[in-house]
Amino acid sequence: MPVPDFSPGEVLTAAAMDSIGLWKVAEGTLSSTATNFAGCFTSDYSNYRIVVDQISLSASGEIFWRILTGTTPETGNNYRFAYLGYTTSAATANLNNNGTSLAATGFSTSVGVDGIIVGSFTMDVFGPAIAQRTFVQNHAMAFPNGNAMRIGGSLHNLTTAYDGIQFLTNTAVTMAGNVKIYGYRK
Amino acid sequence: MKAQITTHYADGRPSETRDMTDEEIALLPEPLTTVEVEDETPSPD
């Protein structure tokens, strides 16, 4: 497919616009203890990229995700995840679970860092709005009181279509950050 | 203060924030792990 011509003054054709690979479908801030992005997954796209940056937490904690129908999260023990983690002090920070009520994003901090930006993560979400298992690949980098990196993946094990995602953290912890959700053109 | 939940709608409806119900709070996770590294608290420089 040719590269579209985005020169100044050129008319953007439908063909050019249709060749754009990523299209922003939702955005908002991480806030409170849980944040829903409702209606962001549709049949228009199969797969999505989620970029979360400028994260801070009010105290030690992790950020997790759940899949949504409307604003209702799926809370059955149908999530699985496995992450390799490592820190600059050579400590391992691996995570895994084989059937729980939420999935990790790999992002965590170990000290209270209210108001200080401590990291970012990205997620590729595969087929959330398709009646199949939802798979996630993601990578998180945090600066809690040193540097901690995790890379890995998670899945929701039901072959059901969903239309949104919830990010949540631990009891008594609140989140801040920016979230942008993009659809990959089919 | 009760834990709260915020919802952003992809269809353009205004975002909403409300108190979480007791049932929702009961489903919040406990920390999975603690990442122990050297004491090097970041500063907003």
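Conventions we followed
Residue numbering note: each chain is counted from 1, following its sequence as written. Here the convention is simple: chains get letters from A, ligands get numbers from 1, in the order in which they are written. Per-residue local features are limited, in this predicted model, to residues with pLDDT of at least 70; the limit for side-chain atom pairs, both in listing and counting, is 80 or more; totals at the level of whole chains, interfaces and linings are taken over all residues. The basis for every side-chain value is the complete set of heavy atoms in the structure, and neither hydrogens nor water enter the calculation. Only strands joined by at least two bridges in the DSSP assignment are considered to pair. Helix numbers and strand numbers start at the N terminus; a helix is a DSSP run of H or I with at least 4 residues, a strand a run of E with at least 2. Working convention: axes come from line fits to C-alpha atoms, limited for helices to the stretch in contact. Angles between N-to-C directions cover 0 to 180 degrees. Two rings from Phe, Tyr or Trp (for Trp, the six-membered ring) form a pair when their centres are within 6.5 Å of each other. A pair whose planes differ by under 30 degrees is stacked, one over 60 is edge-to-face, and the rest are tilted. The buried label goes to any residue with under 20% of its type's maximum accessible area, the exposed label to any with over 50%, and the partly exposed label to all in between, with areas taken from a 1.4 Å probe on protein chains only. Our definition puts a charge over a ring when NZ of Lys or CZ of Arg is within 6 Å of the ring centre and also within 35 degrees of the ring normal. Put simply, a salt bridge is a Lys or Arg side-chain nitrogen that is within 4 Å of an Asp or Glu carboxyl oxygen. Residue contacts follow a heavy-atom distance rule, with two residues in contact if any of their heavy atoms lie within 4.5 Å. Among the buried residues, those of types Ala, Val, Leu, Ile, Met, Phe, Trp, Tyr and Cys that are joined through side-chain atoms within 4.5 Å form a nonpolar core.

K.L.:
Before we move on, can you summarise the sheet that holds strand β3 (residues 47-57) of chain A with the specific residues and values?
P.N.:
Residues and elements named next belong to chain A. Taking strand neighbours across the sheet as the criterion, the eight strands line up as β1-β13-β3-β9-β10-β11-β6-β7 in an open arrangement whose pairing is antiparallel. Of all strands in the sheet, those bounded by a partner on one side alone are β1 (22-30) and β7 (95-100). Geometrically, the sheet is characterised by an average inter-axis angle of 15° between neighbouring strands, direction not taken into account. Relative to strand β13 (residues 175-184), β3 runs antiparallel, the two sharing eight bridges. In the sheet register, V52 faces β13, and the bridge partner there is V179.

K.L.:
Explain the packing of aromatic side chains to me, and be specific about the residues and the numbers.
P.N.:
According to the stated counting rule, one finds seven aromatic pairs over all chains in the structure shown. Measuring from centroid to centroid gives 5.5 Å for W65 of chain A and Y79 of chain A, while their planes differ by 85°, and the two rings are edge-to-face. Highlighted residues: W65 of chain A in strand β4 (residues 61-69) and Y79 of chain A in strand β6 (residues 79-87), separated in sequence by 14 residues. Across the pair, Y79 of chain A and W65 of chain A agree in class, each one buried. Members of the aromatic cluster, each reached through a chain of ring pairs, are F37, F107, F121 and F167 of chain A. The positively charged end of R13 of chain B is found above the aromatic ring belonging to Y9 of chain B, 4.0 Å away from the centroid.

K.L.:
Quick one: what's the story with the environment of A104 of chain A, residue by residue and with numbers?
P.N.:
Mapped onto the secondary structure, A104 of chain A falls in strand β8 (residues 103-109). A C-alpha to C-alpha distance of 8.6 Å links A104 of chain A and A82 of chain A, two positions 22 residues apart in sequence.

K.L.:
Give a detailed account of the pattern of salt bridges, specifying residues and quantitative values.
P.N.:
One pass over the full model with this rule turns up six salt bridges over all chains. A salt bridge links K24 of chain A to E27 of chain A; its shortest N-O distance comes to 3.3 Å. In this structure K24 of chain A comes out as partly exposed when scored by relative accessible area, which is 38%. A salt bridge links D22 of chain B to K2 of chain B; the shortest N-O distance between them is 3.0 Å. Of the two residues, D22 of chain B is situated in helix α1 (residues 22-26) and K2 of chain B in the segment before β1 (4-9); the sequence distance between them amounts to 20 residues. Assessed through its relative accessible area of 51%, D22 of chain B is described here as exposed. With a relative accessible area of 38%, K2 of chain B lands in the partly exposed category.

K.L.:
Quick rundown of the side chain of N36 of chain A? Include the residues and the values.
P.N.:
By secondary structure assignment, the location of N36 of chain A is in strand β2 (residues 34-38). For N36 of chain A, the contacting residues outside a window of four places in its chain are L68, T71, I165 and Q166 of chain A together with I5, T6, T7 and H8 of chain B.

K.L.:
Tell me about the nonpolar core, and name the residues and values.
P.N.:
Formed by 45 residues in total, the largest nonpolar core has its most connected members in F41, I50, I165, F167 and I181 of chain A. Those residues in contact with I50 of chain A that lie beyond four places of it in its chain are F41, F121, T122, M123, V125, I165, F167, V179, K180 and I181 of chain A.

K.L.:
Which residues make up unusual backbone geometry, and what are the values?
P.N.:
Residues and elements named next belong to chain A. With a phi close to 65°, S32 is a non-glycine residue in the positive phi region. The class of S32 is buried, set by a relative accessible area of 12%. Unusually for a residue other than glycine, Q54 sits at a positive phi of about 50°. Structurally, the position occupied by Q54 is in strand β3.

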